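Observations on chain architecture
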Amino acid sequence: MRTLLAAALLSLVGCAPAIPSARPEQPATPRREALEDATRRAPTEPTVEFASLRRCPRVAAAPKVFAIGSSTLGATLGPILKRSLQARGASFDRFGKSSSSVVRPDFFDWPAKVKQLARKEDPDVWVIALGTNDSQAIWPRRGFVIRHDDPRWDTTFAKLVDELLSLASGADRQRAVIWVGPYAFRGWASRDIGVRVNAILKARTAAFAGPAFYVDAYEPTLDRDTRKPITEFVPRGTTEIL
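Residues numbered from 1 in each chain as written. Predicted model: local features only at pLDDT ≥ 70, side-chain atom pairs only at ≥ 80, totals over all residues. Heavy atoms only, no water.

1. With respect to the nonpolar core
Among the nonpolar cores identified, the biggest contains 31 residues, and Ile68, Trp126, Trp153, Phe157 and Trp179 are the most heavily contacted of them. Of all the secondary structure elements, the ones that give two or more residues to this core are β1 (64–69), α4 (110–121), β3 (125–129), α5 (152–169), β4 (176–180), α6 (188–207) and β5 (212–215). Per-element tally for this core: the top contributor is α5, with 8 residues. Not counting chain neighbours up to four residues away, the residues in contact with Trp126 comprise Phe66, Ile68, Val114, Leu117, Ala118, Ala168, Arg175, Ala176, Val177 and Ile178. Counting residues in each nonpolar core, the second largest holds 16 residues, with Ala90, Phe92, Val127 and Phe213 among its members. (Core = buried A, V, L, I, M, F, W, Y, C linked by side-chain atoms within 4.5 Å. Buried < 20%, exposed > 50% of the residue type's maximum accessible area, 1.4 Å probe, protein only. Helix = DSSP H or I, 4+ residues; strand = E, 2+ residues; numbered from the N terminus. Contact = heavy atoms within 4.5 Å.)

See the structure below:
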């Protein structure tokens, strides 16, 4: 994921095509059967659609990337992106709020925060890593709570996503937006709602009028055979099952 995201971010800023690097072979080990089984379940690279990537203006100086999201950004994704992008000459900073989501502006208001950060940071590229915590009811700023089984849930969630995309990209649609979607996890919430969250995020990003694209992390974190979340795998270059 690190290589793919870094290449995608720089391709957005520089308007150059990017191709993910090939995945290296897993080394042979004495625990061949166990490792092969775990490797089969290993997360694949996130799905991206480079062909649909809209071109964006070049920047004169080092591209400035700003990332927002929940605890995944703060604990895992953020440090990976920082190392990768700074090594490639890009400026990177981030802001994360643990347990935050698109559907709970009553807990943390991301649209208000994006407005504030846009004025303060003025990035060339946004990374939005939200969605994993959205498998729940929607608590709107005004009105009644919308349960996940309410027919209005999907359309309301789509409008919230559109709002964030619009605020991040700006009125002139000059800022690029990369939305990193949710990963699959155990339980009915991810199985029943998470798949809808992933589909809506992908569709709204594709339909957005500005330079934006989506990194699908949900499908790659499902076992290809059982369609259950991957709970153990062999990291690249190692023989240890995690």
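2. Quick notes on empty space enclosed by the protein
Counted by the stated rule, this structure contains 2 cavities of 30 Å³ or more. Considering the residues around the largest cavity, the lining is formed by Ser101, Val102, Pro105, Phe108, Trp110, Pro111, Arg141, Leu160, Glu163 and Leu164. At the level of elements, α4 and α5 are the ones that each hand at least two residues to the lining of the largest cavity. Ranked by residues supplied to the lining of the largest cavity, first place goes to α5 with 3 residues. Classifying every residue of the lining of the largest cavity gives 7 nonpolar, 1 polar and 2 charged. (1 Å grid on protein atoms, 1.4 Å probe; cavity = no way out; pocket = protein on both sides within 12 Å on 5 of 7 lines; lining within 4 Å. Points joined across faces, edges and corners; volume = space filled by probe spheres on them. Nonpolar A, V, L, I, M, F, W, Y, C, P; charged D, E, K, R; others polar.)

3. Describing the environment of Ile230
Tracing the backbone shows Ile230 in the segment after β5. Along the primary structure Ile230 and Tyr183 are separated by 47 residues, whereas in three dimensions their C-alpha atoms are 9.9 Å apart.

4. So, the layout of surface pockets
Of the pockets and cavities examined, the second largest pocket occupies roughly 190 Å³. In terms of lining, the second largest pocket is formed by 14 residues, of which the most central are Arg191, Leu222, Arg227, Lys228 and Pro229. Per-class residue counts for the lining of the second largest pocket are 6 nonpolar, 3 polar and 5 charged.

5. Description of the sheet that holds strand β2 (residues 91–96)
Judged by pairing direction, the sheet is parallel, and its 5 strands sit side by side in the order β2-β1-β3-β4-β5 without closing on themselves. Each of the sheet's edge strands pairs with one partner strand only, and the pair in question is β2 and β5. For this sheet, the mean inter-axis angle between neighbouring strands, taken without regard to orientation, is 15°. Here β3 runs beside β4; their pairing, made up of 4 bridges, is parallel. Across the sheet, the residue bridging to Val127 is Ile178, located in β4. Contacting β1, β2 and β3, α4 runs over the sheet at an angle of about 160° to β1. Across the sheet, α5 lies against β3 and β4, angled at about 140° from β4, the strand it touches most. (Pairing = 2+ DSSP bridges. Axes fitted to C-alpha atoms, helices over the stretch in contact; angles between N-to-C directions.)

6. A look at α6
In a regular helix each residue adds 1.5 Å, so 20 residues correspond to 28 Å; α6 covers 28 Å between its end C-alpha atoms and thus fits that length. Residue Gly194 marks the point of greatest curvature in α6, where the axis turns by about 40°. Inspection of α6 places Ala189, Ser190, Ile193, Gly194, Val197, Asn198, Ile200, Leu201 and Thr205 among the buried residues, and these make up the whole buried set. Each element contacted by the buried residues of α6 is listed here: α5, β4 and β5. (Expected span 1.5 Å × (residues − 1). Bend = angle between axes of the 7 residues up to and from the residue.)

Without other data, these values stay purely geometric and don't point to any function.
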